[in-house]
Amino acid sequence: MLKQELTNRMKQLQERLIANQYDAYIITTEEDIWYYTNITYKPEERPFFIIVVPDQTPKLLVPKLEESHVHKSIIGYDIVSYWEFPSSEGSNWYDKLNQLIQGYSRVGIESNVRADVYHLMQAKELVLAQLVEAQRKVKSVYELERIRMSAKVCDEAMEDIFNTIYHGASVLEPFTLSKKVQTNLIKSKQFDPITTSLLTAVWNAPTSAMPHSIPELGDRFGDGPNVAMAYYRINGYSAECERTFFLGQPTKDDMEMFQHMQNARNRALSMVRAGVMAADVDAESRAYFDQHGLLNRLLHRTGHGVGLRNHEGPYIAEGSNEILEENMVITIEPGIYIEGVGGYRHSDTIRVTEDGYEVLTTFPTDLVDMTITKSNILAKLKGKFIQKYLKL
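In this report, the structure presented in the accompanying data block is examined. For clarity, every value in this text was computed on a predicted model and none was experimentally measured.

Rules of the game
- Residues numbered from 1 in each chain as written.
- Predicted model: local features only at pLDDT ≥ 70, side-chain atom pairs only at ≥ 80, totals over all residues.
- Heavy atoms only, no water.
- Helix = DSSP H or I, 4+ residues; strand = E, 2+ residues; numbered from the N terminus.
- Expected span 1.5 Å × (residues − 1).
- Buried < 20%, exposed > 50% of the residue type's maximum accessible area, 1.4 Å probe, protein only.
- Contact = heavy atoms within 4.5 Å.
- 1 Å grid on protein atoms, 1.4 Å probe; cavity = no way out; pocket = protein on both sides within 12 Å on 5 of 7 lines; lining within 4 Å.
- Points joined across faces, edges and corners; volume = space filled by probe spheres on them.
- Pairing = 2+ DSSP bridges.
- Axes fitted to C-alpha atoms, helices over the stretch in contact; angles between N-to-C directions.
- Polar contact = N/O pair within 3.5 Å; in protein donor to acceptor, adjacent residues only side chain to side chain.
- Core = buried A, V, L, I, M, F, W, Y, C linked by side-chain atoms within 4.5 Å.
- Salt bridge = Lys/Arg side-chain N within 4 Å of Asp/Glu carboxyl O.
- Phe/Tyr/Trp six-rings, centres within 6.5 Å; stacked < 30°, edge-to-face > 60°.
- Lys NZ or Arg CZ within 6 Å of the ring centre and 35° of its normal.

## Quick word on helix H1 (residues 2–19)
For step 1, the next point in the chain: End to end, H1 covers 26 Å across 18 residues, agreeing with the expected 26 Å (1.5 Å per residue, within 8%).
For step 2, the next point in the chain: Among the residues of H1, Glu5, Leu6, Arg9, Met10, Leu13, Gln14 and Leu17 are the ones counted as buried.
For step 3, the next point in the chain: Elements in contact with the buried residues of H1: strand E1 (24–27), helix H2 (30–37), strand E2 (49–52), helix H6 (131–137), helix H7 (141–164) and strand E9 (237–245).
For step 4, the next point in the chain: A positive phi of about 60° marks Gln21, the residue just after H1.

And the structure:
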């Protein structure tokens, strides 16, 4: 199944080359090379390249050190190696690369190329393009299955957070839950250490008003608003789930801000479907905040794409000119941030469909479920006991 997936990806790229009149195309980043080969590596200072030509076997240019490793690639590539970096004249990576592309007139290169790498390339016409980025935005059935798995693990981690968090716990404690996720992946033989990153965390109030800050690990959780995060990339495919919750009865102001966040989120979701501009989804959320005098409480866009990375295109932002397509995967996460109080934000991983959307992370979102008090915990335990009894 993976071999067919990689074959299809390369075939689609070669078709894009023909449509855009490129004689050859160069891919340089670790992530993009993994997308077409599933080869895991760390380039350090020694760059890797794929050179793609329509209707030909692609070439993989690698350091000699990695030659035997990349021969294990799942689909066929012509392997070309260079000695080292740096090397003597004629043996450097750029000498080899320029030899491989010298016969082509119009050569495209993915625009995420490093400036120092781009500077050493020589071609009759060298064009920066985004063919790989465009291809990666729309997910295949294969990719969606793996993103679904990551989303499921996010949901499970969120449940672990809610089952273990308590008033007075330290910020450090939720971080340790990532170890449990890793252990479970290893036990199920679904763990690639190079293409997996796991962050399980909770930002306590009032630090939650600064979503990209780092709270002190010794800080303690109070009533809230606290923001829980399961932010995962598992074996190459990402998902995220975030929830705002309270460890005591929320205040009237908390309930009001929480509901405004939910309303803006629902307004944005109502816009999501194939054919809609990403900027219009963001505008719908922003319009709601504007109507309620909350624009000055925003710190970021409404969402972003998810795939091999937790943050990639398309960006659900007012400056975007992208149009949503079926099987793009995005987040919807409008947030309200009040200095000295905290942040109010839910985030879900969502698949764009032809006429709407599918939420891939399904953890509860309403205020009742986001309020963790002793009485709520006892009620839930009682409910679970009754369900177990009925099954018996």
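## Considerations on the environment of Gly222
For step 1, the next point in the chain: Among the secondary structure elements, Gly222 is positioned in the loop between strand E7 (197–203) and strand E8 (226–234).
For step 2, the next point in the chain: The class of Gly222 is partly exposed, set by a relative accessible area of 22%.
For step 3, the next point in the chain: Remark: the alpha-carbon pair of Gly222 and Ala169, spanning 53 residues in sequence, is separated by 8.5 Å.
For step 4, the next point in the chain: Dropping the residues within four chain positions of it, Gly222 is found in contact with His167 and Leu247.

## Side note on the layout of surface pockets
For step 1, the next point in the chain: When its volume is computed, the second largest pocket comes out at roughly 340 Å³.
For step 2, the next point in the chain: Considering the residues around the second largest pocket, the lining is formed by 17 residues, among which Pro211, His212, Glu242, His311 and Glu333 are closest to the centre.
For step 3, the next point in the chain: Taken together, the elements giving at least two residues each to the lining of the second largest pocket come down to E7, E8, E9 and strand E10 (303–305).

## Things to note about the sheet that holds E8
For step 1, the next point in the chain: Strand order across the open sheet formed by 3 strands is E7-E8-E9, with antiparallel pairing between neighbours. Looking at strand neighbours, the two that pair on one side only are E7 and E9, the edges of this open sheet. This sheet shows a mean twist of 5° between the axes of neighbouring strands, independent of strand direction.
For step 2, the next point in the chain: In terms of strand pairing, E8 meets E9 through 9 bridges, oriented antiparallel. Residue pairing in the sheet places Asn226 in a bridge with Phe245 of E9.

## As for the side chain of Arg351
For step 1, the next point in the chain: Here Arg351 lies in strand E15 (residues 348–352).
For step 2, the next point in the chain: Here the side chain of Arg351 touches Asn327 through a polar contact of 2.7 Å, side chain to side chain.
For step 3, the next point in the chain: There is a polar contact of 2.8 Å between the side chain of Arg351 and the side chain of Glu358.

## Things to note about the sheet that holds strand E5 (residues 106–110)
For step 1, the next point in the chain: If you walk across this open sheet you meet the 6 strands as E4-E3-E2-E1-E5-E6, and the pairing is mixed. One side of each edge strand has no neighbouring strand; the edge strands of this open sheet are strand E4 (78–82) and strand E6 (125–129). Recorded for the sheet is a direction-independent mean angle of 25° between the axes of neighbouring strands.
For step 2, the next point in the chain: The sheet strands contacting H1 are E1 and E2, and the helix crosses E2 at an angle near 60°.

## Structural notes on the nonpolar core
For step 1, the next point in the chain: Tyr25, Ile27, Tyr36, Ile50, Leu60, Phe162 and Phe245 are the most contacted members of the largest nonpolar core, which has 72 residues in total.
For step 2, the next point in the chain: By residue number, the principal contributor to this core is H7, which donates 10 residues.
For step 3, the next point in the chain: Leave out the neighbours within four places in its chain, and Ile50 touches Met10, Tyr25, Ile26, Ile27, Ile33, Tyr36, Thr37, Pro58, Lys59, Leu60 and Tyr77.
For step 4, the next point in the chain: Ranked by size, the runner-up nonpolar core spans 15 residues in total, among them Ala24, Leu97, Val107 and Val117.

## A word on the pairing of strand E11 (residues 312–316)
For a regular strand, the rule is simple: side chains alternate between the two faces of the sheet.
For step 1, the next point in the chain: Most of E11 sits inside the fold, with 4 of its 5 residues counted as buried.
For step 2, the next point in the chain: Bridge analysis of E10 against E11 gives 2 bridges, and the strand direction is antiparallel. Along E11, the bridge assignment pairs Gly305 with Glu312.

## Re the pattern of salt bridges
For step 1, the next point in the chain: The full count for this structure, using the stated rule, is 24 salt bridges.
For step 2, the next point in the chain: A salt bridge links Arg136 to Glu31; the shortest N-O distance between them is 3.0 Å. Taken together, the residues span a long stretch of sequence, with Arg136 in helix H6 and Glu31 in helix H2 at a distance of 105 residues.
For step 3, the next point in the chain: The shortest N-O distance in the salt bridge between Arg146 and Glu145 comes to 3.4 Å.
For step 4, the next point in the chain: What makes Arg146 partly exposed here is its relative accessible area of 26%.
For step 5, the next point in the chain: Through salt bridges with shared partners, one network takes in Glu31, Asp32, Arg136, Lys139, Arg309 and Glu312.

## A short note on the environment of Ser105
For step 1, the next point in the chain: Assignment of secondary structure puts Ser105 in the loop between helix H4 (93–101) and E5.
For step 2, the next point in the chain: Its relative accessible area of 39% is what places Ser105 among the partly exposed residues.
For step 3, the next point in the chain: A sequence separation of 83 residues divides Ser105 from Tyr22, and the C-alpha atoms of the two residues are 8.3 Å apart.
For step 4, the next point in the chain: If near-sequence neighbours (up to four positions away) are discounted, Ser105 is found in contact with Asp23, Lys124 and Glu125.

## Some points on the pairing of strand E3 (residues 59–63)
For step 1, the next point in the chain: E3 sits mainly inside the fold: 4 of its 5 residues count as buried.
For step 2, the next point in the chain: In the sheet, E3 pairs with E4 via 5 bridges, with the strands oriented parallel. Residue Pro63 lies in a different strand from E4, and its bridge partner there is Tyr82.

## As for the packing of aromatic side chains
For step 1, the next point in the chain: As enumerated under the stated definition, the model contains 12 aromatic pairs in all.
For step 2, the next point in the chain: Pairing Tyr142 with Tyr237 gives two aromatic rings, centres 6.5 Å apart and planes at 75°, and the pair type is edge-to-face. With Tyr142 in helix H7 and Tyr237 in strand E9, this pair connects stretches of sequence that are 95 residues apart. Judged on exposure class, the residue Tyr142 and its partner Tyr237 are both buried.
For step 3, the next point in the chain: Cluster of aromatic residues (ring-pair linked, three or more members): Trp34, Tyr142 and Tyr237.
For step 4, the next point in the chain: A cation sits over an aromatic face here: Arg146 above Tyr142, 3.6 Å from the ring centre.

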